[in-house]
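Fold and geometry: a report
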Amino acid sequence: MKLINIFTTGIGVTTFNEDLKKLEKYSYKLKKKSKSRLVSNQGGWQSPSINTKEIPKETTPLILKIEEAVQEYSELFKFKKRVKFSNMWININSYKDSNIIHTHPDCLISGVYYIKTSKKCGEIKFKRSSYIDYHVTKDSIKEYNSLNASYWTLPAIENTLYLFPSWVEHLVTLNYSKEDRISLSFNYR
C-alpha cells in the first residue's frame, strides 16, 4: 500500500563542537546579574530575552552556527522571505524544574541547544496537534510510532541542536538529576 504522509512535522537535529564550559560559565554569570523571567518555566531560571543587538560575544560563534542550520531548515518550509533572528534566552533548570506545554507565538522557527545535561535531566516532548489521545490508547497498540503517538520525546544531549516549527506544542520534563540542565533557546521570524 502507498502511504501519503500529510501534515508532517520534521524536527531538525544537528550537533556542534562548542566550548561548553565557556557557555556554562557565561550562563551562570548571566544568572547572577538578572532575575528569572516567568514564561513556561516551572521553577528554574530563565534569562531576560536577548535580541539581535544584544547578542553577547560569548555566544556569537554558536549563534553563527545556529543561523546556518536555521536557514537550511527553513528552506524546507518554502517561506517567501528569509527568516530572521528574533530573540534568545538561557534556561537553567535544577532538580525537579521543568517547562509547561507551550508554543512560540509570532515566530516561524524555534530551537534549543543543550549546553549542560546529565542522566535524568529531563527531555523535550513534542505534542501532536490532534485528538489522537481520544482514539488511540496504550492498550490498543503494540508500540508507539510517528503515526499513532500523541507525544514524541527527544533526549537532552550536550552540543545538540533541535529545530522545530514555532507552532508545535512542546514541554520539558522534570529534571530528576541533582545537576543543572542548561540550554539556549531561540526564535526566528
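Now for a quick tour of the structure. Quick caveat: nothing in here was measured; it's all calculated off a predicted structure.

What counts and what doesn't
- Residues numbered from 1 in each chain as written.
- Predicted model: local features only at pLDDT ≥ 70, side-chain atom pairs only at ≥ 80, totals over all residues.
- Heavy atoms only, no water.
- Helix = DSSP H or I, 4+ residues; strand = E, 2+ residues; numbered from the N terminus.
- Expected span 1.5 Å × (residues − 1).
- Contact = heavy atoms within 4.5 Å.
- 1 Å grid on protein atoms, 1.4 Å probe; cavity = no way out; pocket = protein on both sides within 12 Å on 5 of 7 lines; lining within 4 Å.
- Points joined across faces, edges and corners; volume = space filled by probe spheres on them.
- Nonpolar A, V, L, I, M, F, W, Y, C, P; charged D, E, K, R; others polar.
- Patch = residues over 30% accessible without salt bridge, like charges linked within 9 Å, V, L, I, M, F, W, Y side chains within 5 Å.
- Areas by Shrake-Rupley, 256 points an atom, 1.4 Å probe, with all protein chains shown as cover.
- Salt bridge = Lys/Arg side-chain N within 4 Å of Asp/Glu carboxyl O.
- Buried < 20%, exposed > 50% of the residue type's maximum accessible area, 1.4 Å probe, protein only.

Next up on the list: helix 2 (residues 60-74). Across its 15 residues, helix 2 extends 21 Å between first and last C-alpha, which sits within 8% of the 21 Å expected from 1.5 Å per residue. At its buried positions, helix 2 is contacted by strand 1 (12-15), helix 1 (20-33), strand 5 (85-93), strand 7 (109-116), strand 10 (160-165) and strand 12 (181-188).

The computed volume of the largest pocket comes to approximately 710 Å³. If you trace the largest pocket, you find 20 residues lining it, with Phe-7, Thr-8, Thr-9, Arg-128 and Ser-146 closest to the centre. When residues of the lining of the largest pocket are traced back to their parent elements, those giving at least two are strand 8 (123-127) and strand 9 (151-155). By residue number, the principal contributor to the lining of the largest pocket is strand 9, which donates three residues. In terms of residue class, the lining of the largest pocket is built from 11 nonpolar, seven polar and two charged. In this model, the second largest pocket occupies a volume close to 380 Å³. Surrounding the second largest pocket, 26 residues form its lining, Ser-40, Trp-89, His-102, His-104 and Ser-185 being those nearest its centre.

Now for a nonpolar patch on the surface. Together, Ile-4, Ile-6 and Phe-7 give the surface a local cluster of nonpolar side chains, amounting to about 420 Å² of exposed area. Residue position: Phe-7 is located in the segment before strand 1. A relative accessible area of 79% places Phe-7 in the exposed class.

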